[in-house]
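The chain contents come next:
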Amino acid sequence: MKKKELLVRYSEAEDLGHLPPDEQSLVAASREMTTKAYAPYSTFYVGAAVLLANGETIVGSNQENGAYPSGLCAERVAVFAASAMFPGMPMVKIAISARSKRIEMEEPVSPCGACRQVMLEYEALQKGPIKMLLSKESGRILVIEKVSDLLPLAFLGGRLKKEEA
Ligand code: THU
């Protein structure tokens, strides 16, 4: 059997000041959105901000529910809203940030597998990268050039689509 390796490439900015102005605003918007989360169960507050090709910024925060699996992550709230409001409009960048009441966050937040899958579908559809900016309340920001970098060997369901009648 042949051994294979996958490489994950990303960059790290020391803080907001090391990013270009549009990315500073996007990260700031995602941090602001953590204050709008409805997360009484986890007390883990996540914010997301998506920059669209038309210049609009669509935001989201995590929304929990007493029936736990009914809640939704901030990323999917934002990305689904963006696609609902501006269908087909390419998503250029997404900033994601989190803060917690209970735990000390050492690392910037990293999106869950389900959110990676959802973002990847839009990335594949638009045939262009969605750049990701991952952070917490302050400090370092991880910069990932495209969603597919965070989901290697992905399942791309788009190929299952039937021809439109
Ligand atoms: N959560 C997000 O909104 N995004 C992530 O990337 C990770 C997790 C939410 C889901 C749930 O409301 C809380 O954080 C704890 O998992």
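Residues numbered from 1 in each chain as written. Predicted model: local features only at pLDDT ≥ 70, side-chain atom pairs only at ≥ 80, totals over all residues. Heavy atoms only, no water.

Draft legend 1. How the structure looks around the packing of helix α2 (residues 74–85) against helix α3 (residues 113–126). Following both chains from N to C, one finds α2 and α3 inclined at 20 degrees, their axes separated by 10 Å at the closest point. When the axis of α2 is compared with that of α3, the two are roughly parallel. In this structure, α2 crosses over α3, and the sense of that crossing is left-handed. Only A114, C115, V118, M119 and Y122 of α3 make contact with α2, whose side of the interface consists of E75, R76, V79, F80 and S83. Split by residue class, the contact of α2 with α3 holds 7 nonpolar, 1 polar and 2 charged. (Axes fitted to C-alpha atoms, helices over the stretch in contact; angles between N-to-C directions. Helix = DSSP H or I, 4+ residues; strand = E, 2+ residues; numbered from the N terminus. Parallel < 35°, antiparallel > 145°, perpendicular 65-115°, else oblique. Left-handed = near helix turned anticlockwise from the far one by under 90°. Contact = heavy atoms within 4.5 Å. Nonpolar A, V, L, I, M, F, W, Y, C, P; charged D, E, K, R; others polar.)

Draft legend 2. Up close: α2. Between the first and last C-alpha of α2 there are 16 Å, a value that for 12 residues agrees with the 16 Å anticipated at 1.5 Å per step. Taken as a whole, α2 has its buried residues at A74, E75, R76, A78, V79 and A82. Residues of α2 that are buried make contact with β2 (44–52), β3 (57–61), β4 (91–100) and α3. (Expected span 1.5 Å × (residues − 1). Buried < 20%, exposed > 50% of the residue type's maximum accessible area, 1.4 Å probe, protein only.)

Draft legend 3. Quick look at the site of the ligand. The ligand sits among S42, F44, V46, N62, E64, C73, A74, E75, S110, P111 and C112. In the model, an oxygen atom of the ligand is placed 2.9 Å from a nitrogen or oxygen of the N62 side chain. Here an oxygen atom of the ligand sits 2.5 Å away from a polar atom, N or O, in the side chain of E75. Here the ligand loses 76% of its free accessible area of 380 Å² to cover by the protein chains. Breaking the shell around the ligand down by element, the ones donating at least two residues are β2 and α2. (Near = heavy atom within 4 Å. Polar contact = N/O pair within 3.5 Å; in protein donor to acceptor, adjacent residues only side chain to side chain. Areas by Shrake-Rupley, 256 points an atom, 1.4 Å probe, with all protein chains shown as cover.)

Draft legend 4. Examining a nonpolar patch on the surface more closely. Where nonpolar side chains cluster on the molecular surface, the patch consists of Y38, Y41 and Y68 and spans about 370 Å² of accessible area. Position of Y41 among the secondary structure elements: in the loop between α1 (21–33) and β2. Among the residues examined, Y41 registers a relative accessible area of 39% and is labelled partly exposed. (Patch = residues over 30% accessible without salt bridge, like charges linked within 9 Å, V, L, I, M, F, W, Y side chains within 5 Å. Salt bridge = Lys/Arg side-chain N within 4 Å of Asp/Glu carboxyl O.)

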